[in-house]
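Results of the structural survey
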Amino acid sequence: MALSIAFQESQVFLRLLNYCVESIKHDVSQVFANVSSSKKCGPAHNRASRHGNRLPFSLEDLIMSVGNQYQVTTQDWFSQKKGNDEERDPQVVFNVLDAMLKDSLDRLKTMRESVSLTKIGFNGCILEVDYTGCVAMIKNLCLEGKFRAALWLRNKMILKGVIPDVITHNHLVSGLCKAGDLEKADKLVREMLEIGPSPNCATYNTFIKGYCLTNNVDKALNLFSRMAYDGIRPNNITCSILIHALCKKGLLKDARKLLEKIVGDDRGKETSDIITSTIFMDGCFKNGDMAQALVHWDEMLQMGSRIDVVAYNVLIHGFCLSQDMHNASRYFCEMVKRGLLPDIFTYNTLISGFCKIGNLDEACYIHGVMSKMGVAPDSISYKMIIQGLCIHGDVTRASQFLVRMLKNLMVPEPLIWNVIIDGHGRHGDIGKAFFIRDQMVSFGVLPNVFTYNALIHAQIKEGNIVDAHSTKKEMLSTGIYPDVVTYNLLIGAACSFGFFHSAVWLYDEMLRRGCEPDEITRNALIHAQMRRRKHC
């Protein structure tokens, strides 16, 4: 945009200069016309016709108002000398030309000064830097990831004496941090300290998060210390970012110290920062330190923290991680007694926990409860139930959940279809497996390599090696190429049925297609070769 403005400025000035030259030529021709004949030409003889590309309306008015002023002056001067004109004195003519040239140069100077002081539109742009437009452009460039262009425009604004505000600079810092260019972000923050605007807490929070995302917690802590030096007080968001990074790195002691500092600063308030405390507790659970997490939970209750649904979700998730479903269920009930309504994350956490320990009945019960409590199961809820049931061999009930899912107008992802197809195949129900595959296609979900592998595995398990090869051909006809699992299934089957040459042919085809054999492939061929030698 800045480049466009500069280009338009030069264009307008050149056209202005051309306008003045044309005016001089017109006035000179008028003088000679008046000298050679008594017929007077109109002063404003259709000037607009000489300019096919008209200037913007405001600029045209400016030029005309300034130009006409000098044109009238010239005409008046010429009319005053009309008496002398009767004798056609050459000296008079040249005096007129000299005066007109001087007036035209003065006119050009005045026009240029007027243009530089006036805000003039040209094709939707303005000659004067549009602050709001430039700031919006910088933001959009940052959102599009064009940080070099955004920084260039910011520098152009500063050269014109216009410094973007701190919010605009925060967009730049955020974009650079997300792109991983922390050196430029650091340089930008230092420039802000030198020439303005002064960085605020949001600037430092963004910068600290950038370092944490790159796992550079040391620099994040140094930046945290620099905030106080620069006279900026960290807020709870700053501390939450740092505590999350410290916990993620396993530095629970450092996180605890920082949390204690926050709690100390918050004494006298009704509640401590629940978000920061929840982040710390979650970090303890994920690092396996359940004891410290529970101690902190008790401290939160003693300090009168307003425990919310998110805090209970973290607590329940922590017990599910350690497969302590008894306590997970206990705190779920306590949560409801406190008047806090569980959300989709609460229910999905419990379903996942029960599925992992193999308690599918309880998982299905929770799935039913959530619907009665007004929380509609999502695709993740169904996915965990269906996977759990198929893994534990209850494919029939898994199919029932699939039907329920479809009735609720939820089209499952390929993974869910594949799990059920594989489940039917493992139980020898090939017809049902292919029926589910056809149903999958009818709902607009395309089979993938895992779908065909499940079908091929089911056919081989039933001894239908010819049908398995037919399925492989169908797979290729749909543009899906076999992977190492596909070839291992077919090579293993060929070796088991004594078709060693077929196994070698499949192995060669596998290499031709660029599919790298693994240990399973080689072991199958080696064992088949050994059995072949024994029989020879």
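Another aspect to go through is the environment of Thr 478. Residue placement: Thr 478 occurs in the loop between α24 (465-477) and α25 (484-496). Distance from Thr 478 to Pro 447, taken between C-alpha atoms, is 9.3 Å for residues 31 residues apart in sequence. In terms of polar contacts, Thr 478 uses its side chain to reach the backbone carbonyl oxygen of Met 475, at 2.7 Å.

Turning our attention to the packing of helix α21 (residues 414-426) against helix α22 (residues 430-442). Between α21 and α22, the shortest axis-to-axis distance is 8 Å and the interhelical angle comes to 165 degrees. As summarised for this structure, α21 and α22 are arranged roughly antiparallel, according to the angle between their axes. The way α21 lies across α22 gives a crossing that is left-handed. Contacts between α21 and α22 pair Pro 414, Trp 417, Asn 418, Ile 420, Ile 421, His 424 and Gly 425 from the former with Lys 432, Ala 433, Ile 436, Arg 437, Gln 439 and Met 440 from the latter. Taken together, the residues of the contact of α21 with α22 break down into 7 nonpolar, 4 polar and 2 charged.

Between Gly 196 and Pro 197 the backbone carries a cis peptide bond, its omega angle lying at -10 degrees. Mapping Pro 197 onto the fold places it in the loop between α8 (182-195) and α9 (201-213). One non-glycine residue, Asn 215, lies in positive phi territory at about 65 degrees. Mapped onto the elements, Asn 215 comes out in the loop between α9 and α10 (217-229). Despite not being glycine, Leu 409 shows a phi value in the positive range, around 60 degrees. Mapped onto the secondary structure, Leu 409 falls in the loop between α20 (395-407) and α21. Given the relative accessible area of 78%, Leu 409 is considered exposed.

In this structure, Thr 451 sits in helix α23 (residues 449-461). A polar contact of 3.0 Å, which involves the side chain of Thr 451, links it to the side chain of Asn 448. Not counting chain neighbours up to four residues away, the residues in contact with Thr 451 comprise Asn 418, Ile 421, Arg 437 and Met 440.

Core analysis: the largest hydrophobic core is formed by 102 residues, its most contacted members being Phe 207, Ile 208, Trp 297, Ile 316, Ile 351 and Ile 386. By residue number, the principal contributor to this core is helix α15 (residues 309-321), which donates 8 residues. If near-sequence neighbours (up to four positions away) are discounted, Ile 316 is found in contact with Ala 328, Tyr 331, Phe 332, Met 335, Thr 346, Thr 349 and Leu 350. Ile 456, Ile 465, Ile 491 and Ala 493 belong to the second-largest nonpolar core, a separate cluster that totals 18 residues.

A few words on the pattern of salt bridges. Under the counting rule described, the total for this entry stands at 14 salt bridges. When the shortest N-O distance is used, the salt bridge between Arg 154 and Glu 191 registers 2.7 Å. With Arg 154 in helix α6 (residues 147-159) and Glu 191 in helix α8, the pair connects residues that are 37 residues apart, well separated along the chain. Judged by relative accessible area, which is 2%, Arg 154 ranks as buried. With a relative accessible area of 23%, Glu 191 lands in the partly exposed category. Between Arg 397 and Asp 394 there is a salt bridge; the shortest N-O distance is 3.0 Å. If you follow the salt bridges from partner to partner, you end up with Asp 186, Arg 190 and Arg 226 in one network.

Moving on, we come to the packing of aromatic side chains. To describe a pair of aromatic rings, you give the distance between the ring centres and the angle between the ring planes. Counting across every chain of the model gives 7 aromatic pairs. Here Trp 297 and Tyr 331 contribute two aromatic rings whose centre-to-centre distance is 6.3 Å and whose plane-to-plane angle is 85 degrees, an arrangement assigned as edge-to-face. Of this pair, Trp 297 sits in helix α14 (residues 290-302) while Tyr 331 sits in helix α16 (residues 325-337); the two residues are 34 residues apart in sequence, bridging distant segments of the chain. Take Trp 297 and Tyr 331: they sit in the same class, and that class is buried.

Turning our attention to the side chain of Asn 348. Topologically, Asn 348 is positioned in helix α17 (residues 344-356). Judged by relative accessible area, Asn 348 falls into the buried class, the value being 9%. Here Asp 378 takes part through its side chain, which lies 3.3 Å from a polar atom of the side chain of Asn 348. Here Asn 348 is in contact with Met 370, Asp 378, Ile 380, Ser 381 and Met 384, once residues within four sequence places are set aside.

On to α24. Given a rise of 1.5 Å per residue, 13 residues ought to cover 18 Å, and the 19 Å separating the end C-alpha atoms of α24 matches this to within 8%. All of the buried residues in α24 are Ile 465, Ala 468, Thr 471, Lys 472 and Met 475. Around the axis of α24, the buried residues are gathered within 105 degrees of arc, so they sit on the same side. What points out from α24, more than 90 degrees from its buried face, is the exposed set Val 466, Lys 473 and Ser 477.

In this section: the state of the cysteines. In protein chemistry, a disulfide is the covalent bond that joins the sulfur atoms of two cysteines. Per the counting criterion, the structure on display carries 0 disulfides. The cysteine Cys 247 is free of any disulfide, with Cys 284 supplying the nearest cysteine sulfur at 5.8 Å. In this structure Cys 364 is not part of a disulfide, and its nearest cysteine sulfur, from Cys 355, lies 7.3 Å away. A relative accessible area of 13% places Cys 364 in the buried class.

Thresholds applied
- Residues numbered from 1 in each chain as written.
- Predicted model: local features only at pLDDT ≥ 70, side-chain atom pairs only at ≥ 80, totals over all residues.
- Heavy atoms only, no water.
- Helix = DSSP H or I, 4+ residues; strand = E, 2+ residues; numbered from the N terminus.
- Polar contact = N/O pair within 3.5 Å; in protein donor to acceptor, adjacent residues only side chain to side chain.
- Axes fitted to C-alpha atoms, helices over the stretch in contact; angles between N-to-C directions.
- Parallel < 35°, antiparallel > 145°, perpendicular 65-115°, else oblique.
- Left-handed = near helix turned anticlockwise from the far one by under 90°.
- Contact = heavy atoms within 4.5 Å.
- Nonpolar A, V, L, I, M, F, W, Y, C, P; charged D, E, K, R; others polar.
- Buried < 20%, exposed > 50% of the residue type's maximum accessible area, 1.4 Å probe, protein only.
- Core = buried A, V, L, I, M, F, W, Y, C linked by side-chain atoms within 4.5 Å.
- Salt bridge = Lys/Arg side-chain N within 4 Å of Asp/Glu carboxyl O.
- Phe/Tyr/Trp six-rings, centres within 6.5 Å; stacked < 30°, edge-to-face > 60°.
- Expected span 1.5 Å × (residues − 1).
- Arc of directions from axis to C-beta.
- Disulfide = S-S within 2.5 Å.

Keep in mind these numbers describe shape, not what the thing actually does.
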